[in-house]
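Chain by chain, the residues run as shown.
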Amino acid sequence: MPRLQIMDTTIRDGQQSLWATRMQIGDMLPILPKMDRVGYWAIEAWGGATFDTCLRFLDENPWERLRSIKAQTPNTPLAMLSRGQNLVGYKHYSREICNRFIKAAKRNGVHVFRVFDALNDIRNVVDNAEAIKECGGHFEGAISYTMSPVHTLDSYLEYGQKMKDLGADSIAIKDMAGMLTPYRTERMVKAFNAEIGLPLHIHCHYVGGMAPANIIKAAEAGAAIADTAHAPLAFGNSHPAVEMIVAALQESRYDTGLDLDLLFEIAEYWEEVRKRGHYKRGVSSLTHMKVYSHQVPGGMMSNLVSQLEIQNAGDRLPEVMQEIPKVRAEVGYPPLVTPMSQIVGTQAVFNVLTGKRWSVVSKEMKDYICGYYGKAPGRMDKDIVAKVVGNSEMLPPDVAPGSLVTTTYSQVEDEIGDLAKSEEDVLMYALFPNEARTYLSKHRTSEKVDFLMEQESSHTKEDDYVDINQIRELVRVAEESGVGEIVVEEEGTRIAVRMPGTLSSDAVAAAAPVAAIAPAPAAPASAPAADEPDRPANWYAVTAPMVGTFYTSPGPGEPPFVQVGDEVAANQTLCIVEAMKLMNEIAAEEMGTVREVCLEDASPVEFGTVLFYIEPHGAPAPAPETA
Ligand code: CO
């Protein structure tokens, strides 16, 4: 039965690769009944970044999204992408949370679970696999494909065998960076069919344009399933277009049997959505074509570009691209897939922007180097390990990193309390505590307040401005219901409203085109505002090395790293600046006394915002100059 089956990725990987996962459920629902008639092997609809983005940017309940999609696609299995022990988040969750999350996904509509680990460390897949088998889902074990001196065909086969031993129903070769070539694909598919013998699913990002040829070679070599997206969300960093692959295989023994006319009808719909939302097409630029040297996956590339733009450093992309392979080699060649793509990418950004390699290191990078993400595929650079690890402890190699997380469901349930109305709510909170708390509080409040929030959540759309009488009404209602201060800012005749403290820094950054709601840029350290107090000349300012959110403590409810008057050692952590989804620890340059903490916890910061003033020890302070 050599017919090639197709999984559609339009509403998950397609939009994640091209549209930063900003597609809303309202854009999907009208076309789903038609997509349900196509006869795809599955529709990939959930997981990856969709869960996070629903909460963080779209004010959507990710579980509700899943249920709505399933209601419209009764005849087609839905698939999700799980990041192994990280599920749909960015850190390890306990075995119990994994187990419950997978089962909740199953009962809300997922059937196919594609599970990968960024490091191909099987220990990070075990808990997912166990839960999927227990609830009767389809366990697809995915191999994170990359190229390096330590990633050989044998190493992939060995990993494939381990997934088979865990009960995998199929194996996916996940080529997130578009690095497979037609002949490499053929060799891999043949070897997997011969040695592992499970249905093989091929997932090649288009990137430099090689994916269609890979899929054809894979079909010839005996692959069972291939991933595609509808043309308006295909190409570039996304997948090959389904319309193209279906046409290419017609009149061959691999003919997909899908109805090309129906596929084009669906594509027309997506083209309308694309135009209406002013979304970009997938395009393969020269930077994409250089994937064979920089190995940066599609999803990561669009993130890097937007993050560099937020840091006002869009022109430094070429330098960052050159830095990425260096960083990767130094830390043992991790495949560049979430979360390693963010961790390595952000390190490269820091190395370029600070001009001092490895001077700022994210907590996540440090944890990776210490072994808390899993085993690095290759050897790491000793000097960098020594510099980054310092006095911290390395994880012994025989301890599975996920086993260190022992959070129980009932602990999480107690923590969120009445805000959670279901197991799904509790799990949402277990994965994204801040976002889930905001979401759940917002949606349980009275109707009056909901009305307010409606206005707030729509402020990033240009045409959603409310008029002055509505604003007055909103302010009045807000005051009466005691929900706090309303910020009313004028921009010409248009007015934007927001509730303070409800936006993450990312949301603020995303809203930046509306000047009225962007945070006022902080004065750079070198040019203090005129009304700043005079400080002794030897005090030094610790400034934000990036745009992000300033946190005084390691987590909510925990004591601050430092307070005014504290003595600090050189390299001691002062605070965290969260940027690019990573918690970046900012350390003191030298020994001294904290004289000022300049910002409130959770304040947004710009590049150069002063965070602390420190009086260094050693040199006595000269008398302050008179003003
Ligand atoms: Co992908």
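All values reported here derive from a predicted model rather than from experimental measurement. (Residues numbered from 1 in each chain as written. Predicted model: local features only at pLDDT ≥ 70, side-chain atom pairs only at ≥ 80, totals over all residues. Heavy atoms only, no water.)

**Student:** Break down the pattern of salt bridges for me, citing the residues and quoting the values.
**Tutor:** With the rule as written, the count across this model stands at 32 salt bridges. Linking R123 and D121 is a salt bridge whose minimum nitrogen-to-oxygen distance equals 2.7 Å. Two residues, R357 and E323, come together in a salt bridge whose shortest N-O distance is 2.8 Å. Here E323 lies in helix α16 (residues 317-330) and R357 lies in the loop between α17 (340-354) and α18 (363-370), a separation of 34 residues in the sequence. (Salt bridge = Lys/Arg side-chain N within 4 Å of Asp/Glu carboxyl O. Helix = DSSP H or I, 4+ residues; strand = E, 2+ residues; numbered from the N terminus.)

**Student:** Describe in detail the coordination of the cobalt ion, supporting the description with residues and values.
**Tutor:** The coordination sphere of the cobalt ion, as far as protein atoms go, consists of D13 (OD), H203 (NE2) and H205 (NE2), spread over 2.0 to 2.2 Å. Spacing between the donor residues of the cobalt ion along the chain follows D-x189-H-x1-H. For the pair formed by H203 and H205, the shared burial category is buried. (Donors = N, O, S within 2.8 Å, 3.2 Å for Na, K, Ca; no water. Buried < 20%, exposed > 50% of the residue type's maximum accessible area, 1.4 Å probe, protein only.)

**Student:** Run through the pairing of strand β6 (residues 170-175), naming residues and quoting values.
**Tutor:** Burial analysis of β6 places 6 of its 6 residues in the buried class, the great majority of the element. Sheet analysis places strand β5 (residues 138-144) next to β6, joined by 5 bridges and oriented parallel. Across the sheet, residue E140 finds its bridge partner in β6, namely S170. The parallel pair β5 and β6, bridged by helix α8 (residues 153-165), forms a crossover whose chirality is right-handed. Note: β6 against strand β7 (residues 200-204), 5 bridges, orientation parallel. Following the sheet pairing, K174 is matched in β7 by H203. The β-α-β motif built from β6, the intervening helix α9 (residues 182-195) and the parallel element β7 has right-handed crossover chirality. (Pairing = 2+ DSSP bridges. Right-handed = clockwise from strand over helix to strand, strands pointing away.)

**Student:** Residue-level account of the sheet that holds strand β3 (residues 78-82), with values.
**Tutor:** The 8 strands are arranged β1-β2-β3-β4-β5-β6-β7-β8 in a closed barrel whose pairing can be described as parallel. Going across the sheet, the axis of each strand differs from the next one's by a mean of 30°, ignoring polarity. Strand direction decides the pairing type here: strand β1 (residues 5-8) and strand β2 (residues 42-47), joined by 2 bridges, are parallel. Note on β2: the bridge partner recorded for M7 is A42. (Axes fitted to C-alpha atoms, helices over the stretch in contact; angles between N-to-C directions.)

**Student:** Describe the sheet that holds strand β17 (residues 603-605), listing the residues and the values that go with them.
**Tutor:** Ordered in space as β15-β14-β12-β17, the 4 strands form an open sheet in which the pairing is antiparallel. Either end of the sheet is taken by a strand with one partner, and the two such strands are β15 (582-587) and β17. This sheet shows a mean twist of 35° between the axes of neighbouring strands, independent of strand direction. Two strands pair when backbone bridges link them, and strand β12 (residues 548-551) and β17 are joined in this way by 3 bridges, in the antiparallel orientation. Of the residues in β17, the one forming a bridge with T549 is P604.

Limitation: the analysis is restricted to geometry and does not speak to function.
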